[in-house]
Amino acid sequence: MKNVFVVIAIILPSVIFSQAQQWINPGEVWPDQNGNHIQAHGGGIIKIGKTYYWYGEERRQGLDSNKRYVSCYASKDLMNWDFKGDVLQLADPENLGRRWVCERPKVFYNTKTKKYVMYLHLDNSNYKLAKVAVCVSDKPDGNYEYVKSFRPLEHESRDIGQFIDDDGQAYLIFEDRPFGFRVAKLTEDYMGIEKEMCLVNMKLEGGAVVHYNGLYYAIGSALTGWNPNPNKYATATSLEGPWSAFKDIAPPETKTYGSQSTLMLKVAGRKKTTVIFMADIWKPRTQWDSRYLWMPLEIGNGKLWLQEPKPWKIDVKTGEVKEKGTDE
Ligand code: DGJ
């Protein structure tokens, strides 16, 4: 009898957690395979084979306050995520001093060099340095080694975002205050910036771009620190622009339902292509408890709209989504 209890005690947690995520619950605690809240803030996602990798700021409690950490999670269904560890554990690389900043990691996989190249926003405590850092790994889940930092094309760069076009070309999105944000093509080995595609003349951060049905959609948030604001979008037929006027992505009084954009992920399934809006619900005083708002967007014909968040799920094979409460 005792043995039966021991077996149940061993198996039960994995059963509970392996079945835990039937839904994506915007704004809720999002447990990983161990039941810990996912720590991948200001994140980015790439897909390698059938696996999605989610990288973000690791902000769990009890970390070495002199270091900055980037976490990595892996998933095949975008709902259940396995923590792969803190794949970058960085000590102040450039004598930046106390409260130095390392935010919004974005990883690109270079098929020619077979390297995983991570871009980060690197700064000092007053956000005046405004550089990107580049780190490299041979595997998606690390470890990443610090290589260098620079200002992309000599411009200031704070929040960064990533965009990979349908032809596989990789672009860095970076905020260049006071001008707006820029989209720039990475060099062939992804270790630098080849050229600027456009300067989007709007003061936005948390920049993200998606290419959907022949149109480019760019979104971003206003410059209000950790506080939410009405995020906006514009469209263009070419990455070089011209970009349309910016419009709200959600009722402005909701301030993007309390969130800030970080990425738009396109899931091209057998039956449908879904674009997921991925955003952070920051809790500046308890950052480890910051949440995520992921929702499928209403998108097409030049329009983009974020509906009121509710639990939902996606079938990554078909691309179809379902809201909780609608008929199964
Ligand atoms: C807003 C940015 O989007 C965040 O990544 C972070 O840099 C905060 N500002 C800091 O106030």
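The structure displayed is predicted, hence computed values, not measured ones.

**Student:** Which residues make up the site of the ligand, and what values do they have?
**Tutor:** Taken together, E103, R104, Y127, D159, E205, G225, W226 and Q260 form the complete shell of residues around the ligand. Within the contact set of the ligand, an oxygen atom lies 2.4 Å away from a side-chain nitrogen or oxygen of D159. Residues of the shell around the ligand, tallied by class, amount to two nonpolar, two polar and four charged.

**Student:** Kindly report on the nonpolar core, identifying the contributing residues and their values.
**Tutor:** Core analysis: the biggest nonpolar cluster contains 41 residues, and W54, W81 and W294 have the highest contact counts within it. Counting residues per element, the ones that place at least two in this core are β2 (51-57), β13 (205-212), β14 (215-221), β17 (260-268), β18 (273-281), β19 (291-296) and β22 (312-314). Discounting residues that sit within four places of it in the chain, W81 has contacts with W30, D32, Q33, I38, I45, Y52, Y53, W54, Y73, A74, S75 and W294. In this structure, Y55, Y116, L120 and C135 belong to the second largest nonpolar core, which totals 20 residues.

**Student:** Please set out the sheet that holds β17 residue by residue, giving values where relevant.
**Tutor:** What the three strands build is an open sheet, ordered β17-β18-β19; its pairing is antiparallel. Single-partner strands in this sheet number two, and they are β17 and β19. In this sheet, adjacent strand axes meet at a mean angle of 20° when their direction is disregarded. Sheet analysis places β18 next to β19, joined by six bridges and oriented antiparallel. The residue of β19 that forms the bridge with I281 is R291.

Scoring rules and cut-offs
Residues numbered from 1 in each chain as written. Predicted model: local features only at pLDDT ≥ 70, side-chain atom pairs only at ≥ 80, totals over all residues. Heavy atoms only, no water. Near = heavy atom within 4 Å. Polar contact = N/O pair within 3.5 Å; in protein donor to acceptor, adjacent residues only side chain to side chain. Nonpolar A, V, L, I, M, F, W, Y, C, P; charged D, E, K, R; others polar. Core = buried A, V, L, I, M, F, W, Y, C linked by side-chain atoms within 4.5 Å. Buried < 20%, exposed > 50% of the residue type's maximum accessible area, 1.4 Å probe, protein only. Helix = DSSP H or I, 4+ residues; strand = E, 2+ residues; numbered from the N terminus. Contact = heavy atoms within 4.5 Å. Pairing = 2+ DSSP bridges. Axes fitted to C-alpha atoms, helices over the stretch in contact; angles between N-to-C directions.

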